[in-house]
Amino acid sequence: LQPKPGLFKAFLDARCEDGSARSSGGVYQGVPDMRELLRPVSAGLRIAFRTRVVEFQRRRGAWWVTSDTGSQFGPFAALVFCIPAPQVVGLFRRSGSRVPAGLEHVEFEPCWVGLLSFAEQRGTLPASSALPRSPVTRIERRRSPGQALGETWVVRTSPVWTREHLELDRARVAALIAAELEHQTGERLQTDSISAHLWRYARNTVPLGRSHLWLPD
């Protein structure tokens, strides 16, 4: 995360103080993983995990939401959408509700992220700045809980490369990223496993211009 000055940055700074996050060069990361950032704000809340909301309705003065399995949750006095604007737009349309003004103009860049796991700790990471013709834009080293000896490289790719490979399956993208690193470094990477994740809304390029929208009705 690369927050701008404000309340969210202050929140992340507090997480660094209690040890649940660390920062370097303005980039914040949860310790041991990003889930730790949510623990202080989720304490005491009832959370439905692995649940995808597909629509919402207002009935008898209260809000209800429906999941992709048909389960319904409610009643709620208000709904808060903390997801990328394009997903909010889709949710409003499926619910037959008018899309709030300005949301349809918000744009994001996607990012394919490769995860390369090694049985042993590696030496110096290849610098992405040293790979001028590579789609790789950033490489980070991470160690997961229970990963006593090895490590994982988190490899981010450029928006242009991601768009060109947007609809490929994860296994194919992971293999392409690993092959690209081997080509650029001239080294055979002996990995334990490789995988990839599509961060479809990685970076906001056309912002809303407001911190939030509130619809009283």
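Everything below is about the structure printed above this text.
Residues numbered from 1 in each chain as written. Predicted model: local features only at pLDDT ≥ 70, side-chain atom pairs only at ≥ 80, totals over all residues. Heavy atoms only, no water.

*Asks:* How do you make sense of the nonpolar core when you look at a structure like this?
*Replies:* What tends to happen in soluble globular proteins is that the nonpolar side chains get buried as a cluster. Grouped together as the largest cluster of nonpolar side chains are 16 residues, with contacts concentrated most on Leu116, Trp153, Val155 and Leu181. Mapped by element, the contributors of at least two residues to this core are β6 (107-118), β7 (136-142), β8 (151-157), α5 (170-185) and β9 (193-206). At five residues, the largest contribution of residues to this core is made by α5. Apart from the residues within four sequence positions on either side, Leu116 is in contact with Glu151, Thr152, Trp153, Val155, Ala178, Leu181, Leu189, Thr191, Ser193 and Ile194. Grouped together as the second largest cluster of nonpolar side chains are eleven residues, Val89, Leu91, Leu103 and Val106 included. (Core = buried A, V, L, I, M, F, W, Y, C linked by side-chain atoms within 4.5 Å. Buried < 20%, exposed > 50% of the residue type's maximum accessible area, 1.4 Å probe, protein only. Helix = DSSP H or I, 4+ residues; strand = E, 2+ residues; numbered from the N terminus. Contact = heavy atoms within 4.5 Å.)

*Asks:* What should I look at first to understand the pattern of salt bridges in this one?
*Replies:* Opposite charge on two side chains lets them pair, provided their charged atoms get close. This model, assessed by the stated rule, comprises nine salt bridges. A salt bridge links Arg203 to Glu109, with the shortest nitrogen-to-oxygen separation between them at 3.2 Å. You can see Arg203 sitting in strand β9 and its partner Glu109 sitting in strand β6, a full 94 residues away along the chain. Here Arg203 falls in the exposed class, since its relative accessible area comes to 52%. Using a relative accessible area of 18% as the deciding quantity, one classes Glu109 as buried. When the shortest N-O distance is used, the salt bridge between Glu140 and Arg138 registers 2.5 Å. Glu140 sits in the buried class, given a relative accessible area of 9%. (Salt bridge = Lys/Arg side-chain N within 4 Å of Asp/Glu carboxyl O.)

*Asks:* Would you take a moment to explain the sheet that holds strand β5 (residues 72-76) for this structure?
*Replies:* Think of a sheet as strands paired side by side through backbone hydrogen bonds, with each pair either parallel or antiparallel. Strand order in this open sheet of three strands is β3-β4-β5, and the pairing throughout is antiparallel. Strands with a single pairing partner mark the edges of an open sheet, and in this sheet they are β3 (53-59) and β5. This sheet shows a mean twist of 20 degrees between the axes of neighbouring strands, independent of strand direction. Pairing geometry for β3 and strand β4 (residues 62-67), over six bridges, is antiparallel. Residue pairing across strands places Gln57 opposite Trp64, the latter belonging to β4. (Pairing = 2+ DSSP bridges. Axes fitted to C-alpha atoms, helices over the stretch in contact; angles between N-to-C directions.)

*Asks:* Just checking my understanding: could you explain helix α1 (residues 7-18) for this structure?
*Replies:* Residues spaced three or four apart along an α-helix point in a common direction, a consequence of the helix completing one turn every 3.6 residues. When the terminal C-alpha atoms of α1 are compared, their 17 Å separation across twelve residues agrees well with the 16 Å that a helix rising 1.5 Å per residue should span. Following α1 by one or two positions, Gly19 adopts a phi angle in the positive range, close to 90 degrees. (Expected span 1.5 Å × (residues − 1).)

*Asks:* Just to check I follow, could you spell out the sheet that holds β9 for this structure?
*Replies:* Taken in spatial order, the four strands of this open sheet run β7-β8-β6-β9, and their pairing is antiparallel. Edge strands, defined here as strands with exactly one partner in the open sheet, are β7 and β9. Neighbour-to-neighbour, the strand axes of this sheet turn through a mean angle of 25 degrees, independent of strand direction. Pairing geometry for β6 and β8, over six bridges, is antiparallel. The residue bridging Val113 from the neighbouring strand is Arg156, located in β8. With respect to the sheet, α5 is in contact with β6, β7, β8 and β9, its orientation differing from that of β9 by roughly 95 degrees.

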